Each structure stands twice: as C-alpha cells, then as structure tokens.
Amino acid sequence: EGWKLVRHVAKEVKVIYILRDPVSRLWSHIKFHHQFVGQQEDFTTWSAGKFEAFISSHFIWPNCEYARWIDIMKRNLSEDEFKIFYFEDLVSRPVQELRKLEDFLGISNMDYSKLELDKPINASKKIEMPEAFTEVALKMLLPEMEKLDNIQVKRHESWLTNALTT
C-alpha cells in the first residue's frame, strides 16, 4: 500500500539504499541506541543471551534484514529508480561515490572540495566488540547474508574480512 501511495504522489521516484558491514552496523546501532536513550551500558559485561534478546527486539532486528527490504524495493521499483550503495565505499572514496549518486539522481556534479568528507558524523563512543556480541551477531546475521546471496545482491568485499563468509 505504501508504494502505491508513493506512485500516486510522486512523479519520479529514486531510492538509495546504503548497506554497511552488518556486524559493524549492528554494533554501532546498539551503542548509538543506548547513547540516544541516555543509558550508558557496560556492554562488555553482557552475556550472549542478553545480546541476542536485545538484537531480536523490534527496534533493532528489522534494520538487520537487508534482503527483506531490498526484495520489497526491487519488487516495487525499476532499476533506474533503485540503487544500492555501500557505506564502506562512501567512506573510502566519497567523491567517486557521490559522483555515482549524482548520476543516479540525474543531478549536476557538485563541488565537494570545501567539505570535510573524511570527518565522521554521528560517531558513537568507541567500545570494542565483546566476544559474546560477535558470537551472537555472526550466528544471527549469517542467514541474513545468505538471503542477500539468494536475491543476487553482492556483499561488499570488505565484509569478507570478518566472519560473515559461508
């Protein structure tokens, strides 16, 4: 129903979906969530069960379901209306990726020379991933990555450096 409404009110639709290493994104999300709600948790003391329960919550897990959302968008948008970008590429080569974004949107190139594109924004506090988190995250996210494979969405090459490989 939502996509029907979008088609009704929008003459032209362009959707950009940015994927990030799922383990890193999940860890960042957990830290940022607690920071946002004003709860300074000591994540290093959480058990695997506590991580699993928290990750499974309705305000965390749906953000991990890349394949679900991509599948919905692919069913409702044409190739010229939907494009996937990778966070890692936006960080490592911002101008090149922004040029691709501009091309996709059909807008003229902007001058990024005066911007601090290498400066982190909304960075959460640096806390090393506890082993219990990594274990749970990998167990829960591997099936999600296999779903990406099933819908022919490539995983970013940098994701292969963590344990999200089959």
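Report follows, based on the coordinates. Everything numeric in this text was worked out from a predicted model, so none of it was measured.

## Structural notes on helix 6 (residues 94-105)
Point 1. Taking 1.5 Å as the rise per residue, helix 6 with 12 residues should run 16 Å; its terminal C-alpha atoms sit 16 Å apart, in good agreement.
Point 2. Along helix 6, the positions that sit buried rather than exposed are Pro94, Glu97, Leu98, Glu102 and Phe104. The buried residues of helix 6 occupy an angular sector of 160° when projected down its axis, which confines them to one face.

## A word on the pairing of strand 1 (residues 15-19)
Point 1. Of the two faces of strand 1, only the one carrying Val15, Tyr17 and Leu19 is buried; Ile16 and Ile18 on the other face are not.
Point 2. Bridge count between strand 1 and strand 2 (residues 82-86): 5 bridges; the pairing is parallel. Across the sheet, residue Val15 finds its bridge partner in strand 2, namely Phe82.

## A word on the pattern of salt bridges
Point 1. Under the definition given, this model contains 12 salt bridges.
Point 2. Between Lys139 and Glu52 there is a salt bridge whose closest N-O contact spans 3.1 Å. Here the residue Lys139 occupies a position in helix 7 (residues 131-150), and Glu52 occupies one in helix 3 (residues 48-55), the gap between them amounting to 87 residues.
Point 3. Residue Arg99 pairs with Glu102 through a salt bridge whose shortest N-O separation is 2.9 Å. With Arg99 and Glu102 both in helix 6, this residue pair falls 3 residues apart, about one helical turn.
Point 4. The partly exposed category is assigned to Arg99, whose relative accessible area is 25%.
Point 5. Overlapping salt bridges, with partners in common, bring together Asp89, Arg93, Glu97 and Lys100 in one network.

Basis of the calculations
- Residues numbered from 1 in each chain as written.
- Predicted model: local features only at pLDDT ≥ 70, side-chain atom pairs only at ≥ 80, totals over all residues.
- Heavy atoms only, no water.
- Helix = DSSP H or I, 4+ residues; strand = E, 2+ residues; numbered from the N terminus.
- Expected span 1.5 Å × (residues − 1).
- Buried < 20%, exposed > 50% of the residue type's maximum accessible area, 1.4 Å probe, protein only.
- Arc of directions from axis to C-beta.
- Pairing = 2+ DSSP bridges.
- Salt bridge = Lys/Arg side-chain N within 4 Å of Asp/Glu carboxyl O.

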